[in-house]
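Reading the structure
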Amino acid sequence: MKTMKTKSIVIALSLYAGVTVAQKLKGSDTVLPLAQKEAESYMKANKSAKITVTGGGSGVGISALLDGTTDIAMSSRKIKMTEKIKLSDAGKSTKETIIAQDALAVVVNPANKVTQLTREQLEDIFTGKVKNWKEVGGDDLTIVVYSRESSSGTYEFFKEHVMKNKNYASSVLSMPATGSIIQSIGQTKGAIGYVGFAYVEKEVRALKVSFDKGKNFVAPSMVTAKGKSYPIIRPLYYYYLSSVEKNVKPFVDYCISAEGQKIVEQVGYIPLSK
Amino acid sequence: MNPFFKKFSEKFIEGLLMISGTVTSLTVVLIVFFLFKEGISVFNKKAVEEGYVIAVNKSNKVNSISPEDIKNIFDQKITSWKDLGGKDSIILFRLEDISTYFTDEQIGENFERLPACISRVVDSIPQIFAFFPEKYMDKNFKGKEIEAGKISFNTFFGGKEWFPTAQPAAQLGAKPLILGTLWVSLGAILLALPLGLAAAIYMSEIAKDKVRRVMKPLIELLAGIPSVVYGFFGLVVIVPAIQKLFNLPVGETGLAGSIILGIMALPTIITISEDAMRNTPRSMKEASLALGASKWQTICRVVIPHSISGITAAAILGIGRAIGETMAVLMVTGNAAVIPHSILEPMRTIPATIAAELGEAPNGGVHYKALFALGCILFVMTLVINLTVEFITGSKKYKKH
């Protein structure tokens, strides 16, 4: 009898909590498709939950956190020092959860003969030191570098991780979206660029990369990324205020649960390894 | 109806109209005020990222480094203090590098001894160039903090590099962006004006009424196509075509943007200049024909001169459309922030820059303010254009009467 009572109280409470907890997620367009899928299946499992997901960019999400217009900020980069200082000035502290990983593939035009590059070569290409494919073992062809816009978390990550914090050459072409990078690389013979692993299509070809000075070259795939042998992977984050942790925790926990991680793989991102 | 009531309702409607007029103008004024307030505050902001400091050893003679040199040091293009008036090679130090000098134990679990550690590193290596968060600066810091100066009017308008997210010092040179905007718009108008004028002359003077009735709505339909569609069309069709035609390494060029913008400006140019031409009094045309002038002579010598103010207005409004257009340009011009030397190079325009970067710029930071300053530049450009239209159409009317 007693257990029944507690059970019903728990159910009533969770229902009540479910009704009141309408959550908003805002931020990175990279995380957006994943978060949408997660939210959909979470809402299917918890009929009372209401989650809305909107994009706009990592920066938009984090400033929305500051303004209090979102509960969770999605981000494809780590929170910046300036943003942290702003939040702490406002008396808010944030919690960070890594919900998935994304592998970046370096892609070229399928007609390109080059199949593999080292990190050092990539750095030289993206900083503009190497300007012709013949310098890295290809045809005599001008290298055309495509990159994401500087606002993109992908841009920052590639700069930190592959170029060791050096700046891109100013002649780099920046494209507003992954789709247009693929379109452009597919129709430009000397092109090189980077896209999320999930976006690699037959119009472009992914290169093998080596982060140990040319000893091992690894092609990007779900297996190599999961096994951590592929070197260009980045974490995707949720940020939320510690003050609302109780409300958002169930959803965040769902995202990193086994069930949530299954969705990660379906969307094309790399699940967290246990 | 009661005359009193009639009077009252008239007054009421007048008041309502007045209020909506005032509210609209007030909104415009407020938007402009907000734009300039945000934009102008970029000047006098520190060039080094907020919350960070750069510091060198006490013995170093260098006292201030320009933001450009800071970037070059971090890109390892400058590797010696000699280039900056000091001596010896530069040793870079970032916060992450602390682990090569100290163990985790020495730093402390919660980084409580980190400030002291940084201070010791900076003090012990004479060639060091350190960049770290301000909150890890020791109270009795033994190094020397470096001034990087503030963002000035000159560096903003004259700077050649646009790296708003470069660490530790953002490079905010708007020159490539301003030039890119002007090049693309100029190219657009050079393409659109002859074509638009020809179409307008054809439609107003030569075409039969039946043809005209089909053509006009078709051209107006061109104005209704969303700009993203234009952009996509440009990326898939025009960009590869340009690449093949001129045998370029890359097809995303200013020219691609110009062509797309030219097509987008056509409806404006055609409809306005056609209206102007059709407003030529019938009597004038008939007088010209009666004097023995041919149809073409009449168009050249009578219709065009008479409607020149309308044609100018059409051209300028077309430019206005081209300068402010965002999405289509963002997709086809390649957006490389370099100072262009020819229209066959990738370019970056101001609207594209704002649209692409505002989403991720930390609210209130230097980058954010710089984008507003770009908005101000764009506003001034379009304002000048609109004033020119006013001036030209206005002065013509004045002369006529």
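So, on to the overall build of chain A. In terms of helices and strands, chain A carries 10 helices and 11 strands. Viewed in the frame of its principal axes, chain A has a C-alpha envelope of about 80 × 40 × 30 Å. Put simply, chain A has 274 residues, and 53% of those count as buried. About 12,200 Å² of surface is accessible on chain A, with carbon and sulfur atoms providing 56% of the total. Positive and negative side-chain charges in chain A, numbering 38 and 25 respectively, have mean positions lying 5 Å apart.

Bringing the overall build of chain B into the picture now. Scanning chain B from N- to C-terminus turns up 16 helices and 6 strands. Relative to its length of 401 residues, chain B is extended, with a C-alpha radius of gyration of 30 Å against a globular reference of 21 Å. C-alpha atoms of chain B, sized along the principal axes, occupy 100 × 75 × 35 Å. By residue count, 48% of the 401 residues in chain B fall in the buried class. Once the 40 positive and 34 negative side-chain charges of chain B are each reduced to a mean point, those two points are 12 Å apart.

Enumeration over the complete set of coordinates arrives at 4 cavities of 30 Å³ or more. Taken as a whole, the largest cavity encloses approximately 180 Å³ of empty space. Lining the largest cavity are 18 residues; nearest its centre among them are A:Tyr155, A:Ser174, B:Trp162, B:Phe163 and B:Arg348. Put simply, the parts of the chain that give the lining of the largest cavity at least two residues each are β6 (144–148) of chain A together with β5 (162–163) of chain B. Here the residues of the lining of the largest cavity are counted per class, giving 9 nonpolar, 5 polar and 4 charged. When we break the lining of the largest cavity down by domain, the ones giving at least three residues each are domain 1 (52–172) and domain 2 (175–400) of chain B. In this structure, the second largest cavity occupies an estimated 90 Å³ of space. Counting residues per element, the ones that place at least two in the lining of the second largest cavity are α3 (58–67) and α4 (81–89) of chain A.

Note on backbone geometry: most residues besides glycine have negative phi, and most peptide bonds are trans. All names here are of chain A. The phi torsion at Asn165 lies on the positive side, around 70°, for a residue other than glycine. On the secondary structure map, Asn165 appears in the loop between α6 (153–161) and β7 (173–175). By relative accessible area, which is 17% here, Asn165 ends up buried.

All names here are of chain A. Among the nonpolar cores identified, the biggest contains 36 residues, and Leu117, Ile125, Phe126, Phe158, Tyr168 and Ile192 are the most heavily contacted of them. The set of elements that each furnish at least two residues to this core consists of β4 (94–108), α5 (119–126), α6, β8 (191–196) and α8 (222–226). Residue contributions to this core peak at 4 residues, all from β4. If we ignore the near neighbours within four places in the chain, the residues touching Phe158 are Leu104, Val106, Phe126, Met163, Tyr168 and Tyr194.

All names here are of chain B. Their axes nearest at 8 Å, the elements helix α10 (residues 254–278) and helix α13 (residues 308–324) cross at an angle of 160°. Here α10 lies roughly antiparallel to α13, going by the angle between them. Between α10 and α13 the crossing geometry is right-handed. Here Leu261, Met264, Ala265, Thr268, Ile269, Ile272, Ser273, Ala276 and Met277 of α10 lie close against α13, whose contacting residues are Gly310, Ile311, Ala314, Leu317, Gly318, Arg321 and Ala322.

What follows is about the interface of chain A and chain B. The interface of chain A with chain B comprises 41 residues on the first partner and 42 residues on the second. Summing both partners gives a buried area of about 3,200 Å² for chain A against chain B, and 51% of it is carried by carbon and sulfur. Here chain A is connected to chain B by 1 salt bridge. Between B:Arg348 and A:Glu149 there is a salt bridge whose closest N-O contact spans 2.7 Å. Where chain A meets chain B, there are 8 residue pairs in polar contact (both at pLDDT 80 or more). Among the elements of the structure, α3, α4, β6, α6, β7 and α7 (178–187) of chain A are those that each provide at least two residues to the side of chain A that touches chain B.

A few words now on the domain arrangement of chain B. All names here are of chain B. Looking at chain B, the domain boundaries give domain 1 (52–172) and domain 2 (175–400). For domain 1 and domain 2, the distance between their C-alpha centroids amounts to 47 Å. Counting the surface lost from both domain 1 and domain 2, the interface buries some 950 Å², and carbon and sulfur atoms represent 78% of this. There are 0 salt bridges connecting domain 1 and domain 2. If you look at where domain 1 meets domain 2, you find 2 residue pairs in polar contact (both at pLDDT 80 or more). Considering every element that reaches the side of domain 1 that touches domain 2, the biggest residue donor is helix α6 (residues 153–158), with 3 residues. Of the residues contributing to the side of domain 1 that touches domain 2, the split by class is 6 nonpolar, 3 polar and 1 charged.

Thresholds applied
- Residues numbered from 1 in each chain as written.
- Chains lettered and ligands numbered in written order.
- Predicted model: local features only at pLDDT ≥ 70, side-chain atom pairs only at ≥ 80, totals over all residues.
- Heavy atoms only, no water.
- Helix = DSSP H or I, 4+ residues; strand = E, 2+ residues; numbered from the N terminus.
- Buried < 20%, exposed > 50% of the residue type's maximum accessible area, 1.4 Å probe, protein only.
- Areas by Shrake-Rupley, 256 points an atom, 1.4 Å probe, with all protein chains shown as cover.
- Lys, Arg positive; Asp, Glu negative; His and termini not counted.
- Charge placed at Lys NZ, Arg CZ, Asp CG, Glu CD.
- Rg over C-alpha atoms; globule rule 2.2 N^0.38 Å.
- 1 Å grid on protein atoms, 1.4 Å probe; cavity = no way out; pocket = protein on both sides within 12 Å on 5 of 7 lines; lining within 4 Å.
- Points joined across faces, edges and corners; volume = space filled by probe spheres on them.
- Nonpolar A, V, L, I, M, F, W, Y, C, P; charged D, E, K, R; others polar.
- Domains from an automatic or database assignment.
- Core = buried A, V, L, I, M, F, W, Y, C linked by side-chain atoms within 4.5 Å.
- Contact = heavy atoms within 4.5 Å.
- Axes fitted to C-alpha atoms, helices over the stretch in contact; angles between N-to-C directions.
- Parallel < 35°, antiparallel > 145°, perpendicular 65-115°, else oblique.
- Left-handed = near helix turned anticlockwise from the far one by under 90°.
- Buried area = accessible area lost by both parts, 1.4 Å probe.
- Salt bridge = Lys/Arg side-chain N within 4 Å of Asp/Glu carboxyl O.
- Polar contact = N/O pair within 3.5 Å; in protein donor to acceptor, adjacent residues only side chain to side chain.

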